[in-house]
Amino acid sequence: MRYVARLAGQAGVFTAFFLCWEALVDGLRIKPVILPAPTLIFSTMAKNWSYLLDNTWPTLFAVTGGFVLAAAFGFVIAVGIAYSRWISEMTYPFLVAAQVLPKVALAPLFLIWFGFGLTPKVVIAALIAFFPIVINTARGLGSVEPELIQYMHSLGASWREVFFKISLPWALPYIFASFRISITLAVVGAVVGEFISSDNGLGYVINYANASLDTDVMFGGIFALSALGVILFLIVVLVERMVLSWHVAVEGIPETM
Amino acid sequence: MPTVPHIVIEDLTVQYRVKDNTVLALEGVSIDVPPRSFVGIVGPSGCGKTTLLKVLSGVLKATRGRVLIDGRLIEKSDLSGKIGHIFQRPLLLPWRTALGNVLLTTEIASKEISQRDRVADARRWLSLTGLAGFEDRLPHELSGGMQQRVSLCRALAFRPPILLMDEPFAALDEITREAMQEELLRLWSATESTVIFVTHSISEAVLLSERVIVMTVRPGRVDEIIDVPFSRPRGEELRGSPRFTELVQHIRHKLRGVPGELRAAS
């Protein structure tokens, strides 16, 4: 019952937001070119649903591609950082500098390097999603109780046994926390890529509609994009709950960001 | 099953560096631990108890002196799979059930035993410690005392000849602690292990041990070695007896640096 009440409240916030928006546009007679009313946006989306859907797939592809790349490379580098003091000391300043750098600023460069199409989108998405995964995974692997690891070694455990029985499961809550952050960052990366060098995807839809002052289509693209982001985020949370049911039970429902 | 070794610690000195200072953690510590004995090490915080356990488990190297096991110098490889640890905190794996946590040590140290037998054995240990029915609970669903029991089962399950216990009951409330002490004695009498038990509770050391090593602080030195005369099984009656209280008092005075009345009288 409490769950239903909470869900109703959350839906209520969305409804209230759109109602205020609608009233504002009506009351102040704002032109649709400046700010279309939500009803207009939704009807535009309904009219152009196949156009939006066709352009959702390339974005989805770029986001998941970038995310998977980031997770794979991030994991490998995090293992290096967690287990080698030398690697950790050598790479940390570089990683911090690279993280501070706004990756979006590199996007025009990628147009020159990778040309037009999927590659630059995936690369930007991966680059933005990469750092939280590296840092969290390394921290998770480094947070295992050292006494427990010594114990395992004293029992004659191999490196692999310690890693798979202790360290990796121990780090999983940290890893999933970074996945939740990174999946949304990957969406940002993919869209930036589409702004700059693409002829498909939701980022392209927004950019193209902007140029032709089709503000309602632009908003349609934005809404579709946030729906995509929310769905991807929920998939990560769902997988997390399945894999880490013990951790959810201990820590409660994970905070969203 | 491996035979229970005879541990001899000779003139053990351990120094380590903390920033620019060298800290003398242990100095000239000599302890004889006969096979199947229960040795309690008692002393204030900072007397090098934990350092001693680390040397025994091969994690830390002696600066001077040596540790002999059955007359041979210890090597890390000799100790492999022979030491069960019980820490101050249970240190269970939160994603494994009670049963899964007990199985952890045998999965690694007793690979020659079939999975079925290991599970049966782990269940037996859990029921011996009163945890029958809790096999499938996750650690966070168990109380602190129950978690420490699981940790005890985990250490006993692979039948190590040596058990190192580092203030295992310090974090428990008094009632649970007393119950655990008696349980440990019961379990120990059923095993063949030599136990080295570090604590800062004097009564705990006296109740459990055959031999109590009283240590002083900074540097950690052996102040006195006391052979505890009480017969086993020891339990509730002993705790209240005057002889028990006297011995505890004696050690307390020793640790405080006050000349013991007992010794003055004798």
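Residues numbered from 1 in each chain as written. Chains lettered and ligands numbered in written order. Predicted model: local features only at pLDDT ≥ 70, side-chain atom pairs only at ≥ 80, totals over all residues.

*Asks:* So what's going on with the overall build of chain A? Which residues, and what values?
*Replies:* For chain A, the helix and strand inventory stands at eleven helices and zero strands. What you see in chain A, going N to C, is helices and strands ordered as α-α-α-α-α-α-α-α-α-α-α. In terms of overall dimensions, chain A has a C-alpha envelope of 75 × 55 × 30 Å along the principal axes. Going through the 257 residues of chain A one by one, you find that 35% of them count as buried. (Helix = DSSP H or I, 4+ residues; strand = E, 2+ residues; numbered from the N terminus. Buried ≥ 20, exposed ≤ 12 C-beta atoms within 10 Å, placed from the backbone.)

*Asks:* Tell me what's going on with the domain arrangement of chain A, and back it up with residues and numbers.
*Replies:* Domain annotation of chain A identifies domain 1 (1-30) and domain 2 (37-252). Put simply, the middle of domain 1 of chain A and the middle of domain 2 of chain A, counted by C-alpha atoms, are 30 Å apart. (Domains from an automatic or database assignment.)

*Asks:* Could you give me a rundown of the nonpolar core, with the residues and numbers involved?
*Replies:* The biggest cluster of nonpolar side chains holds 72 residues, and the ones touching the most others in it are B:Ile41, B:Val102 and B:Phe197. Top contributing element to this core by residue count: helix α5 (residues 144-157) of chain B, with seven residues. In contact with B:Phe197, other than residues within four places in its own chain, are B:Phe38, B:Val39, B:Gly40, B:Ile41, B:Met165, B:Leu208 and B:Ser209. With 54 residues, the next largest nonpolar core counts A:Ile41, A:Ala125, A:Leu202 and A:Ile206 among its residues. (Core = buried A, V, L, I, M, F, W, Y, C linked by C-beta atoms within 7 Å. Contact = placed C-beta atoms within 7 Å.)

*Asks:* Any chance you could break down the sheet that holds strand β8 (residues 194-199) of chain B for me, citing the residues and the numbers?
*Replies:* Residue and element names in this part refer to chain B. Within the open sheet, the six strands sit side by side as β6-β7-β8-β3-β9-β10. Their pairing is mixed. In this open sheet, the two strands that pair with only one neighbour each are β6 (83-86) and β10 (221-227). Ignoring strand direction, the axes of neighbouring strands in this sheet form an average angle of 15 degrees. Pairing of strand β3 (residues 38-42) with strand β9 (residues 211-216), which is carried by four bridges, proceeds in the parallel orientation. Following the sheet pairing, Gly40 is matched in β9 by Val212. Packed on one face of the sheet, α5 meets β6 and β7 (162-166) and runs near 175 degrees to β6. (Pairing = 2+ DSSP bridges. Axes fitted to C-alpha atoms, helices over the stretch in contact; angles between N-to-C directions.)

*Asks:* Describe the confidence of the model for chain A, with residues and values.
*Replies:* Across chain A, the average pLDDT comes to 90, with 96% of residues at or above 70. Put simply, helix α11 (residues 245-251) of chain A is where chain A has its lowest mean pLDDT, 70, and helix α3 (residues 49-83) of chain A is where it has its highest, 94. (pLDDT = per-residue confidence, 0-100.)

*Asks:* Now, about the sheet that holds strand β1 (residues 7-18) of chain B: what can you tell me, with residues and values included?
*Replies:* Residue and element names in this part refer to chain B. With antiparallel pairing, the four strands of this open sheet are ordered in space as β2-β1-β4-β5. Strands at the two margins of the open sheet, each flanked by one partner only, are β2 (21-33) and β5 (72-73). Pairing between β1 and β2: nine bridges, direction antiparallel. Counted as the bridge partner of Gln15 is Leu24 from β2. On the sheet, helix α1 (residues 49-56) packs against β1, β2 and β4 (64-69) and is oriented at approximately 70 degrees with respect to β2.

*Asks:* Give a detailed account of helix α3 (residues 98-109) of chain B, specifying residues and quantitative values.
*Replies:* Burial within α3(B) is extensive, with ten of its twelve residues counted as buried. If you check which residues of α3(B) are buried, you get B:Ala98, B:Gly100, B:Asn101, B:Val102, B:Leu103, B:Leu104, B:Thr105, B:Thr106, B:Ile108 and B:Ala109. In the core, the buried residues of α3(B) are packed alongside α7 (146-154) and α8 (159-196) of chain A together with α4 (115-128) and α5 of chain B.

*Asks:* Tell me what's going on with unusual backbone geometry, and back it up with residues and numbers.
*Replies:* Positive phi, normally seen in glycine, also occurs at B:Asp11, with a value near 50 degrees. Counting through the fold element by element, B:Asp11 comes out in strand β1.

*Asks:* So what about the interface of chain B and chain A? Which residues, and what values?
*Replies:* At the junction of the two partners, chain B supplies 18 residues and chain A supplies 16 residues. Mapped onto the side of chain B that touches chain A, the elements with two or more residues apiece are β6 and α3 of chain B. It is α3(B) that contributes the most residues to the side of chain B that touches chain A, three residues altogether. Looking at the side of chain B that touches chain A residue by residue, the classes come out as eleven nonpolar, seven polar and no charged. (Nonpolar A, V, L, I, M, F, W, Y, C, P; charged D, E, K, R; others polar.)

*Asks:* I'd like a rundown of the pairing of β4(B), residues and numbers included.
*Replies:* All names here are of chain B. Note that β1 and β4 share five bridges and pair antiparallel. Bridge assignment links Glu10 to a residue of β4, and that residue is Arg66. Pairing analysis gives two bridges linking β4 to β5, with the strands arranged antiparallel. The residue bridging Leu68 from the neighbouring strand is Leu73, located in β5. Connecting the antiparallel pair β4 and β5 is a turn made up of two residues, with Asp70 showing a positive phi of about 50 degrees.

*Asks:* Describe the packing of helix α5 (residues 107-114) of chain A against α8(A), listing the residues and the values that go with them.
*Replies:* All names here are of chain A. As a packed pair, α5 and α8 sit with axes 9 Å apart at the nearest point and diverge in direction by 65 degrees. Classified by the interaxial angle, the pair formed by α5 and α8 is roughly perpendicular. Considering the relative orientation of α5 and α8, their crossing is right-handed. Along the contact surface, α5 presents Ala107, Pro108 and Leu111, while α8 presents Val192, Gly193 and Ile196. Taken together, the residues of the contact of α5 with α8 sort by class into five nonpolar, one polar and no charged. (Parallel < 35°, antiparallel > 145°, perpendicular 65-115°, else oblique. Left-handed = near helix turned anticlockwise from the far one by under 90°.)

*Asks:* Account for the packing of α3(A) against helix α9 (residues 202-211) of chain A, with residues named and values stated.
*Replies:* Residues and elements named next belong to chain A. With their axes 7 Å apart at the nearest point, α3 and α9 run at an angle of 125 degrees to one another. The angle between the axes of α3 and α9 places the two elements in the oblique class. Residues Leu52, Asn55, Thr56 and Thr59 of α3 pack against Leu202, Gly203, Tyr204 and Val205 of α9. Taken together, the residues of the contact of α3 with α9 break down into four nonpolar, four polar and no charged.

*Asks:* Account for the environment of A:Tyr151, with residues named and values stated.
*Replies:* Its location among the elements puts A:Tyr151 in helix α7. The sequence separation of A:Tyr151 and A:Val33 amounts to 118 residues, and the corresponding C-alpha distance is 67 Å.

*Asks:* A description of the confidence of the model for chain B should follow, citing residues and the corresponding values.
*Replies:* Residue and element names in this part refer to chain B. For chain B, the mean per-residue pLDDT works out to 83, and 94% of the residues sit at or above 70. A low-confidence stretch, residues 260-266 (pLDDT under 50), is modelled with seven contacts involving residues beyond four sequence positions or located in other chains. In the predicted assembly, ipTM is 0.81 and pTM is 0.83.

*Asks:* Which residues make up the pairing of β7(B), and what values do they have?
*Replies:* On a regular strand, each side chain points to the face opposite its neighbour's, so the side chains alternate between the two faces of the sheet. Residue and element names in this part refer to chain B. Most of β7 is tucked away, with five of its five residues classed as buried. Burial of β7 is two-sided: the residues Ile162, Leu164 and Asp166 facing one way and the residues Leu163 and Met165 facing the other way are all buried. Note: β6 against β7, four bridges, orientation parallel. Considered in β7, the bridge of Ile86 is made with Met165.

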